[in-house]
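An overview of the molecular structure
Given next are the chains, with one letter for each unit.
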Amino acid sequence: MDASNPKTSDNGARNEPAGAARDTDVLVVGAGPTGLLLAGDLAEAGLGVTLLERRPGKISNLTRALAVHARTLEQLDARGLADELVAGGHPLGSLRLFGDAYLDASRLRSRFPFVLITPQFEVERLLERRARRAGVTFRYESEVLGLDQDAEGVTVRFRTPEGLGGLRAAYAVGTDGVRSAVREAVGLPFPGKSVIRSLVLADVRLAQEPDSPFTVNATGEAFALIGSFGDGWYRVIGWNRRHQAGDDAPVDLDEVREITRLALGSDYGMHDARWISRFHSDERQVPEYRVGRVFLAGDAAHVHSPAGGQGMNTGLQDAANLSWKLAAVLRGHAPDSLLDSYQTERHPVGRAVLRSSGALVRIALLHSAPGRLARTLAARLLERLRPVSGRAIRTVSGIGIAYPAGPGAHRLAGHRAPDVRLADGTRLYEVLRQGRFILITPSDEPGDIHPADDRTVTVHWHSARRTAVLVRPDGYVAWATDATAPAARARALRTALVHWTGAEPGDGGPIAAALTPQGHAADRPAGR
């Protein structure tokens, strides 16, 4: 992207001269899970971060997401948050999709072989606490009006109860949801369509506790999901084929009860609704996640059906991919072109989630006789064909996500790094909490080819494995080699360190001094 020819807002904001003083390094717009994780990562990397949020400061308990998948838990583990979140939630070994169709999460090769049922506000609570401790500046009741950008920075204009304001940063990230003001300000379209109309949401109490903290079923005529908040309240999401109303049509508890009985056979004696709403579910994705110095992540970049519970999880993994790249560029460890790999890596993932969640909801809501037969066959395939079901749960959980590694790359490059045990007794994801690259080598590797600066941590295999692996800060393999000849191995490692971290052993200098024209960091994808 060419940051020297950006989109300029027409919302009354004036242009800032190139080189104008910055108020912060990064402006993040939107204090949902995606924005909170991104802001916390950047602040922990030592950068100045201001987070703008349109709502008042209190975290709302009226949130839609309930499922946290294994790959997201691994990312939270790399930030020291997963165990606390798991302790307050409900781990499920399988995820019911429709009818007799289940995905067996217990088969995942992860420290978290389950789907964690916990409300989104608990995720936000942990991420907000971390962001505050890291030094993020929060500015609530700040409604974005527009932005301007030039070759050296971006200025975001906003309105507060006290009046108009503006802040300038090196980069801005819109994590402000499906109605993103940042997306509108940079002029990006949001192509797609509505896939489900007249969904109802309610938070209720139940006289009868369901058998599972996450109960879901679809009959073709109706769909319903009941998820436990863990405090006596339950989130209900429902849909009735025979009652399709607009978003502004009135909805009451009797309608929610009826839908639940149609789909689940019981309304579990629901009562005392504290919130009821009607909405529609879209499938949409922006064509570009980057416009100059402005990025989009989470629902601002892609939205899809709630099937599979992938929405919040995809946004959090967007943030994990983008944050370390912004930090590397702002600290002078990588060229700005590294940031283009955010689009290269995450846009295909967003597109794949749209397809998979869309397929799930379409199958679940089939109501013709041939459709019901197809749904039954799909359920049997998942049950009986382990390769099919294994691939499905790896996809939905995020464990199976891999990024393109380019021609000639090692077979591990671009793939998720598993949480291996290391020689000193620690785990890889514990070491990733430092926010740096991790070089894993045999314990007898010669010391003179190890990194000499603080961009990379060197650890050793607990096993006798001889492969050398460089893991990105977001837990994906950047580079690996099976070479055993000392000279060839040292040469390959030196090239990899220059390429990925901007510094070679004993050098520690800026990336500009080390990279060749053919070897800049944007030639390969990267991730935190």
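Quick caveat: nothing in here was measured; it's all calculated off a predicted structure. (Residues numbered from 1 in each chain as written. Predicted model: local features only at pLDDT ≥ 70, side-chain atom pairs only at ≥ 80, totals over all residues. Heavy atoms only, no water.)

**Some points on the sheet that holds strand β13 (residues 214-218)**
Our working definition: In short, DSSP must find at least two bridges between two strands for them to pair. Per the convention used, a helix needs a DSSP run of H or I reaching at least four residues, while a strand needs a run of E reaching at least two, with both numbered from the N terminus. Every residue pair with non-hydrogen atoms within 4.5 Å of one another is taken to be in contact. Working convention: axes come from line fits to C-alpha atoms, limited for helices to the stretch in contact. Angles between N-to-C directions cover 0 to 180 degrees.
Read across the sheet, six strands follow the order β13-β14-β15-β12-β16-β19 without closing on themselves; strand pairing throughout is antiparallel. Either end of the sheet is taken by a strand with one partner, and the two such strands are β13 and β19 (302-303). Direction of pairing for strand β12 (residues 192-205) relative to strand β16 (residues 271-285): antiparallel, over a ladder of 10 bridges. Opposite Ile196, over in β16, you have Ser281 as the bridge partner. Sitting on the sheet, helix α6 (residues 253-264) touches β12, β13, β14 (222-228), β15 (234-240) and β16, and the angle it makes with β14 is about 105 degrees.

**Details of the side chain of Ser180**
Selection criterion: Definition of a polar contact: a pair of N or O atoms within 3.5 Å, with one able to donate and the other able to accept a hydrogen when the atoms are protein atoms, and with sequence-neighbouring residues admitted only if both atoms are side-chain atoms.
Looking at where Ser180 falls in the secondary structure, it is placed in the loop between β11 (163-174) and α5 (181-185). A polar side-chain atom of Ser180 sits 3.3 Å from the main-chain amide nitrogen of Val182. Residues within four places of Ser180 in sequence aside, it is in contact with Leu296 and Ala300.

**What to know about the sheet that holds strand β20 (residues 437-441)**
Read across the sheet, four strands follow the order β21-β20-β22-β23 without closing on themselves; strand pairing throughout is mixed. Looking at which strands have only one partner, the edges of the open sheet turn out to be β21 (456-460) and β23 (477-481). In this sheet, neighbouring strand axes are inclined to one another by 15 degrees on average, regardless of whether the strands run parallel or antiparallel. Pairing geometry for strand β22 (residues 468-471) and β23, over four bridges, is antiparallel. What sits directly across from Leu470, in β23, is Trp479. Set on the sheet, helix α12 (residues 486-501) makes contact with β20, β21, β22 and β23; between it and β23 the angle comes to about 170 degrees.

**Quick look at unusual backbone geometry**
Phi angles above zero are rare outside glycine, and Glu141 is one such case at about 50 degrees. Residue position: Glu141 is located in the loop between β8 (137-139) and β9 (143-149). Unusually for a residue other than glycine, Ser198 sits at a positive phi of about 60 degrees.

**Things to note about α12**
Short version of the rule: By this rule, a helix spans an expected 1.5 Å times one less than how many residues it contains. Residue exposure (1.4 Å probe, protein chains only): buried if accessible area is under 20% of the type maximum, exposed if over 50%, otherwise partly exposed.
An ideal rise of 1.5 Å per residue puts 22 Å on 16 residues; α12 measures up with 22 Å between its terminal C-alpha atoms. Inspection of α12 places Arg489, Leu493, Ala496, Leu497, Val498, His499, Trp500 and Thr501 among the buried residues, and these make up the whole buried set. Positioned one or two residues after α12, Gly502 has a phi angle of 85 degrees, which is positive.

**Quick look at empty space enclosed by the protein**
Using a probe with the size of a water molecule, rolled over the atoms, empty space left in the structure can be pinpointed. Formally: Using only the protein atoms, space was sampled on a 1 Å grid; points where a 1.4 Å probe fits but cannot get out form cavities, open sets with protein on both sides within 12 Å along at least five of seven lines form pockets, and lining residues are those with an atom within 4 Å of a point. Grid points are joined across faces, edges and corners, and a volume is the space filled by probe spheres set on the points. Residue type decides the class: Asp, Glu, Lys and Arg count as charged, Ala, Val, Leu, Ile, Met, Phe, Trp, Tyr, Cys and Pro as nonpolar, and the leftover types, Gly among them, as polar.
Counted under the stated rule, the structure contains three cavities of 30 Å³ or more. Considering only enclosed or pocket space, the largest cavity measures out at about 80 Å³ in volume. Looking at the largest cavity, it is lined by 13 residues, and the ones nearest its centre are Thr314, Gln317, Val396, Gly398 and Ile401. Considered class by class, the residues forming the lining of the largest cavity number four nonpolar, eight polar and one charged.

**Topic: the packing of aromatic side chains**
Definition in use: Here the aromatic set is Phe, Tyr and Trp, taking the six-membered ring for Trp, and pairing holds for ring centres within 6.5 Å; pairs whose planes are under 30 degrees apart are stacked, those over 60 apart are edge-to-face, and all others are tilted. Consider the ring centre and the ring normal. A charge sits over the ring if Lys NZ or Arg CZ is within 6 Å of that centre and within 35 degrees of that normal.
All told, the structure shown has eight aromatic pairs when counted by the stated rule. Here Phe112 and Phe114 contribute two aromatic rings whose centre-to-centre distance is 6.2 Å and whose plane-to-plane angle is 90 degrees, an arrangement assigned as edge-to-face. Grouping residues by exposure puts Phe112 and Phe114 together as buried. For the ring pair Tyr403 and Tyr476, a centre distance of 4.7 Å and an interplane angle of 40 degrees mean the geometry is tilted. With Tyr403 in the loop between α10 (386-397) and α11 (428-431) and Tyr476 in the loop between β22 and β23, the pair connects residues that are 73 residues apart, well separated along the chain. Classification of Tyr403 by relative accessible area gives buried; the value is 5%. Through pairs of rings, three or more aromatic residues link up here, namely Tyr171, Tyr289, Phe295 and Tyr342. Taking NZ or CZ as reference, Arg71 lies 4.6 Å from the ring centre of Tyr476, over its face.

**Some remarks on α6**
Residue pairs three or four apart in sequence face the same way in an α-helix, which turns once every 3.6 residues. Helix length check: α6, at 12 residues, gives a terminal C-alpha distance of 16 Å against a target of 16 Å (1.5 Å per residue), a fit within 8%. Looking at the buried residues of α6, the elements they touch are β12, β13, β14, β15 and β16. By the N-cap criterion, in which a side-chain oxygen at the helix start approaches the backbone nitrogen of a residue two or three places on, α6 is capped by Asp252, the distance to Asp254 being 3.2 Å. Positive backbone phi, at 85 degrees, marks Gly265, one or two positions downstream of α6.

**A look at the pairing of β9**
If a strand is regular, its side chains alternate between the two faces of the sheet. Of all the seven residues making up β9, five are buried; the element is thus mostly covered by neighbouring parts of the structure. Looking at chain direction, β9 and strand β10 (residues 154-160) are connected through six bridges and run antiparallel. What sits directly across from Gly146, in β10, is Arg157. Linking two consecutive strands that pair antiparallel, namely β9 and β10, is a turn of four residues.

**Things to note about the confidence of the model for the protein chain**
So the rule is basically this: pLDDT gives the predictor's per-residue confidence on a scale running from 0 to 100.
Overall, the prediction assigns the protein chain a mean pLDDT of 86, with 84% of residues at 70 or greater. With pLDDT under 50 throughout, residues 1-18 is counted as low confidence; its partners more than four residues away or in other chains account for 40 contacts. Scored below 50 in pLDDT, residues 507-528 makes 74 contacts in the model with residues more than four places away or belonging to other chains.

**Side note on the packing of helix α2 (residues 70-77) against helix α7 (residues 311-330)**
The relative placement of two packed helices comes down to the angle between their axes together with the axis-to-axis distance. To keep things clear, this is the line we draw: Any angle between 65 and 115 degrees counts as roughly perpendicular, while under 35 counts as roughly parallel, over 145 as roughly antiparallel, and the rest as oblique. It is the rotation of the near helix from the far one that decides the hand of a crossing: anticlockwise by less than a right angle makes it left-handed, clockwise makes it right-handed.
In the contact formed by α2 and α7, the axes pass within 9 Å of each other and the chain directions differ by 40 degrees. By the angle class used here, α2 and α7 are oblique. Crossing geometry of α2 relative to α7 is assigned as left-handed. Residues Arg71, Thr72 and Gln75 of α2 lie in contact with α7, whose contacting residues are Asn313, Leu316, Gln317 and Ala320. Split into classes, the residues belonging to the contact of α2 with α7 amount to two nonpolar, four polar and one charged.

**Focus on the pattern of salt bridges**
We apply this condition: A side-chain nitrogen of Lys or Arg and a carboxyl oxygen of Asp or Glu constitute a salt bridge if their distance falls within 4 Å.
A complete count under the given rule lists 32 salt bridges for this structure. The closest approach of N and O atoms between Arg132 and Glu128, which form a salt bridge, is 2.9 Å. With Arg132 and Glu128 both in helix α4 (residues 120-134), this residue pair falls four residues apart, about one helical turn. By relative accessible area, Glu128 is classed as buried at 12%. The partner of Asp318 in a salt bridge is Arg346, with the nearest N and O atoms 2.8 Å apart. Of the two residues, Asp318 is situated in helix α7 and Arg346 in helix α8 (residues 340-364); the sequence distance between them amounts to 28 residues. Taken together, the shared-partner salt bridges connect Asp77, Asp83, Arg111, Asp419, Arg427, Glu430 and Arg433 into one network.

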